[in-house]
Amino acid sequence: MTAYDVIVLAGGAAKRLGGADKPGLRVGGRALLDRVLSACADAAVTVVVGGRRATIRPVVWTREVPEGGGPLAALGAGLRLTTAERVLVLSADLPFLGRGTVDALLTAAGEPGREGALCTDPDGRDQPLVAAYRAESLRRELALIATEHGSLAGLPLRLLTAELDLARIDAGPDASFDCDTWDDIAAARARIREHGAVLDEWITSVKNELGIDLDVDTALLLDLARDAAHGVARPAAPLTTFLVGYAAARASAGAGPDEAAAAVAEAARKATDLALRWEAEVEASGGETAGAGSSGSGTADGTAGGAGRDAGGAGRDAGREGTGTP
């Protein structure tokens, strides 16, 4: 992918949110601005137009002139700090923007004859702040608009998009979902907890919180947790996955993300094999030693048989989660 820059518009009064700091509002434990920045982490230059704040990665800060001058003024301020041939333009309130949408926009914007590409929402409306533009075309149109109207302050975005040859990308309902009201915030927070999405959202949030740049094979780790819980004891699942992470960290110290991911996979494979060997011993004995195999579960009354039953139940539960079955 050819290098690109990104401009994130993070200003505005957020009147429908009662003046709240919208870019800092959290969805799934992450600030809206950070969620947007995560979707374009490989940008050569990232310019955020708005008030300075802590962010998940380094950015260049600027403000529109005058402050509160609207999206075209903010876009003009950000564009002055970019140099790439293509510029991704995003609002700071897109909780579900993903890498796939970013790639689709940049690819479409690079098509011969096109001056950019933007997303359309489910109702077919253009979303000029979920878009990629050729920088030369963007500079030309902003200069023409500023000349015609005296400045860019207070002008609507449609003055820009009406004059550009733009491809339209239907990226589905989530990519262009923005948070303008408290109802939108509530809907976004509920959506990430839906079955099928919550696990990926949680893992991404944990990686960001811990500063981990690692592609985690969640299916592999869930299978390990299931096998440890079923073949050994319920508490073995979280403890084993912790030990796998620790072992992988030691094995890949000083290495890059790919080597670290490989170390996790190898440690998980070894631990899974061990858990399956434990389970095989129980099955070979006809279940007579199941209680003994689970005695490490730390039941209050020391009843091995009860611990064995708990471990079996955990295995069934973990198996459902690992396969994605509701």
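Bear in mind that the values here come from a model prediction, so they are computed numbers and not experimental data.

A. Local environment of the pattern of salt bridges. Counted according to the given criterion, the structure contains 18 salt bridges. Two residues, Glu266 and Arg269, come together in a salt bridge whose shortest N-O distance is 2.7 Å. In this pair, Glu266 and Arg269 are both assigned in helix α11 (residues 257-284), three residues apart and thus about one turn of the helix distant. The network of salt bridges with shared partners includes Lys22, Asp93 and Asp180.

B. Broad picture of the environment of Glu115. Relative to the helices and strands, Glu115 is located in the loop between α3 (99-109) and β7 (116-120). Here Glu115 falls in the buried class, since its relative accessible area comes to 14%. Along the chain, Glu115 and Thr161 lie 46 residues apart, while their C-alpha atoms are 10.0 Å from each other. Apart from the residues lying within four places of it in its own chain, the contact partners of Glu115 are Tyr133, Arg134, Ser137, Arg140, Glu163, Leu164, Asp165 and Leu166. A distance of 2.7 Å separates the side chain of Glu115 from the side chain of Arg140, its partner in a polar contact.

C. Structural view of the environment of Ala237. Secondary-structure assignment places Ala237 in helix α10 (residues 236-251). For Ala237, a relative accessible area of 12% corresponds to the buried category. The spatial distance from the C-alpha of Ala237 to the C-alpha of Ala275 is 10.0 Å, given a sequence separation of 38 residues. The residues touching Ala237, leaving out its near neighbours within four places in the chain, are Ala225, Ala228 and Ala229.

D. The packing of aromatic side chains, seen in detail. For the coordinates displayed, the defined rule picks out one aromatic pair. Where Phe96 meets Phe177, the ring centres are 5.7 Å apart and the plane angle is 55°; that geometry is what we call tilted. In this pair, Phe96 sits in the loop between β6 (86-91) and α3 while Phe177 sits in the loop between α6 (172-175) and α7 (182-191), placing the two residues 81 residues apart along the sequence. In this pair, the class of Phe96 matches that of Phe177, namely buried.

E. Quick look at a negative patch on the surface. Negative charge collects at one region of the surface, where Asp213, Asp215, Asp258 and Glu259 lie side by side. Structurally, Asp215 is set in the loop between α8 (198-210) and α9 (218-231).

F. Examining the pairing of β7 more closely. With five of its five residues buried, β7 lies for the most part within the structure. Across five bridges, the pairing between β7 and strand β8 (residues 126-134) is antiparallel. Following the sheet pairing, Ala117 is matched in β8 by Ala132. Hairpin remark: β7 followed by β8, antiparallel, with five residues in the connecting loop; positive phi at Gly124, about 85°. Pairing of β7 with strand β9 (residues 166-170) involves five bridges; the strand directions are parallel. Residue pairing in the sheet places Leu118 in a bridge with Arg168 of β9.

G. Here's a closer look at a nonpolar patch on the surface. A contiguous nonpolar patch, built from Phe242, Leu243 and Tyr246 and spanning about 360 Å² of accessible area, is present on the exposed surface. In this fold, Phe242 is placed in helix α10.

The rules behind each value
- Residues numbered from 1 in each chain as written.
- Predicted model: local features only at pLDDT ≥ 70, side-chain atom pairs only at ≥ 80, totals over all residues.
- Heavy atoms only, no water.
- Salt bridge = Lys/Arg side-chain N within 4 Å of Asp/Glu carboxyl O.
- Helix = DSSP H or I, 4+ residues; strand = E, 2+ residues; numbered from the N terminus.
- Buried < 20%, exposed > 50% of the residue type's maximum accessible area, 1.4 Å probe, protein only.
- Contact = heavy atoms within 4.5 Å.
- Polar contact = N/O pair within 3.5 Å; in protein donor to acceptor, adjacent residues only side chain to side chain.
- Phe/Tyr/Trp six-rings, centres within 6.5 Å; stacked < 30°, edge-to-face > 60°.
- Patch = residues over 30% accessible without salt bridge, like charges linked within 9 Å, V, L, I, M, F, W, Y side chains within 5 Å.
- Areas by Shrake-Rupley, 256 points an atom, 1.4 Å probe, with all protein chains shown as cover.
- Lys, Arg positive; Asp, Glu negative; His and termini not counted.
- Charge placed at Lys NZ, Arg CZ, Asp CG, Glu CD.
- Pairing = 2+ DSSP bridges.

That is the geometry; function is a separate question.
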